[in-house]
Amino acid sequence: MNRMVGDGELESLMIIERRIACFGVLLAMALTLAGCKIVPIGQEQAEDKAGAFDATSYATGLWTKQALPHFFANAKPAAEVIAATMADFAEAGDKFGYRPGEGSPWSFIVNGAGIVTAKNTESRAGTLVVALDGVVPPLEVALQIGPVIRGNAVRDALPFVSFKDFTNQIEYADAGKALTALAVEGIAAGVAGLAVGDHVEFTGAISMAGASDKLLVTPVVLKKAAP
């Protein structure tokens, strides 16, 4: 014979069921948390920073062993390259230039010597104007001396620094800035002592998308020399 459950007993049973349900939820949460690693905020930020791209270290690592030797080995006389770009830009690119792909600007590595005709430091994008030796009619080039440098001529002249080797555009841009910073750092001491009338020697890069682009050489070497 079935016994009727009273209201008090029914309430007790409901309480027990709720407690069992709560225990099940807590047990599931405990098992889930057991597989999780709790990391303090400061430690998490440090780990993220440790894994970030270090543009300065990247640039420094290849500057002396790869970048500078590449400039020295591939530099062509500035007067010859500039004359070629004026005569037939496409042909000059094929003969003297480098670019990573169709549609990209051409990069030209040049060297030369000449007399300083102007030193412009009023703007942070400073320039040194040099009249090249032995060129008739006279030909002047503007060397970027910074501290602000326009463009990424240094990076873009290096075939072993390719966009595909970076995670994103930001890393690629940061690498360019770091390489340019090393170039500016390398010429800074020499630039400080240069004045109009001095004879200088330089090696650097020009980046041009077309013949009408302004000729700006970003030097990686710039020093006073004997006339």
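None of the values given here were measured: they were computed from a predicted structure.

**Re the overall build of the protein chain**
(1) Moving on: Check the secondary structure of the protein chain and you find 7 helices and 7 strands.
(2) Moving on: Helices (α) and strands (β) of the protein chain occur, in sequence order from the N terminus, as α-α-α-β-α-α-β-β-β-β-α-α-β-β.
(3) Moving on: A sequence separation of at least 24 residues applies to 62% of the contacts in the protein chain between residues at least 6 apart.
(4) Moving on: When the accessible area of the protein chain is evaluated, it comes to approximately 13800 Å², of which 59% is carbon and sulfur surface.

**Some details on the pattern of salt bridges**
(1) Moving on: Applying the stated criterion across every chain, the model contains 4 salt bridges.
(2) Moving on: Across the salt bridge formed by K164 and D165, the nearest N and O atoms sit 3.5 Å from each other.
(3) Moving on: A relative accessible area of 69% places K164 in the exposed class.
(4) Moving on: In this structure, the salt-bridge partner of D198 is K224, at a minimum N-O distance of 3.6 Å. Of this pair, D198 sits in the loop between α7 (169–192) and β6 (199–208) while K224 is found in strand β7 (residues 216–224), placing the two residues 26 residues apart along the sequence.
(5) Moving on: Looking at K224, the relative accessible area reads 56%, which means it is exposed.

**Side note on the environment of G114**
(1) Moving on: Structurally, G114 can be placed in strand β3 (residues 106–120).
(2) Moving on: Take G114: its relative accessible area is 0%, and that puts it in the buried class.
(3) Moving on: As for G114 and F202, which are separated by 88 residues in sequence, their C-alpha atoms are 8.9 Å apart.
(4) Moving on: Those residues within four positions of G114 in sequence are excluded, and the remaining contacts are V130, A131, L132, D133, D198, H199 and V200.

**Structural notes on the packing of helix α4 (residues 78–87) against helix α5 (residues 89–96)**
(1) Moving on: Contact pair α4 / α5: the axes reach a minimum separation of 6 Å and the direction vectors enclose 145°. Where α4 approaches α5, its residues E80, V81, A84, T85 and A87 are matched on the opposing element by F89, A92 and F96.
(2) Moving on: Residues belonging to the contact of α4 with α5 are distributed by class as follows: 6 nonpolar, 1 polar and 1 charged.

Calculation rules
Residues numbered from 1 in each chain as written. Predicted model: local features only at pLDDT ≥ 70, side-chain atom pairs only at ≥ 80, totals over all residues. Heavy atoms only, no water. Helix = DSSP H or I, 4+ residues; strand = E, 2+ residues; numbered from the N terminus. Contact = heavy atoms within 4.5 Å. Areas by Shrake-Rupley, 256 points an atom, 1.4 Å probe, with all protein chains shown as cover. Salt bridge = Lys/Arg side-chain N within 4 Å of Asp/Glu carboxyl O. Buried < 20%, exposed > 50% of the residue type's maximum accessible area, 1.4 Å probe, protein only. Axes fitted to C-alpha atoms, helices over the stretch in contact; angles between N-to-C directions. Nonpolar A, V, L, I, M, F, W, Y, C, P; charged D, E, K, R; others polar.

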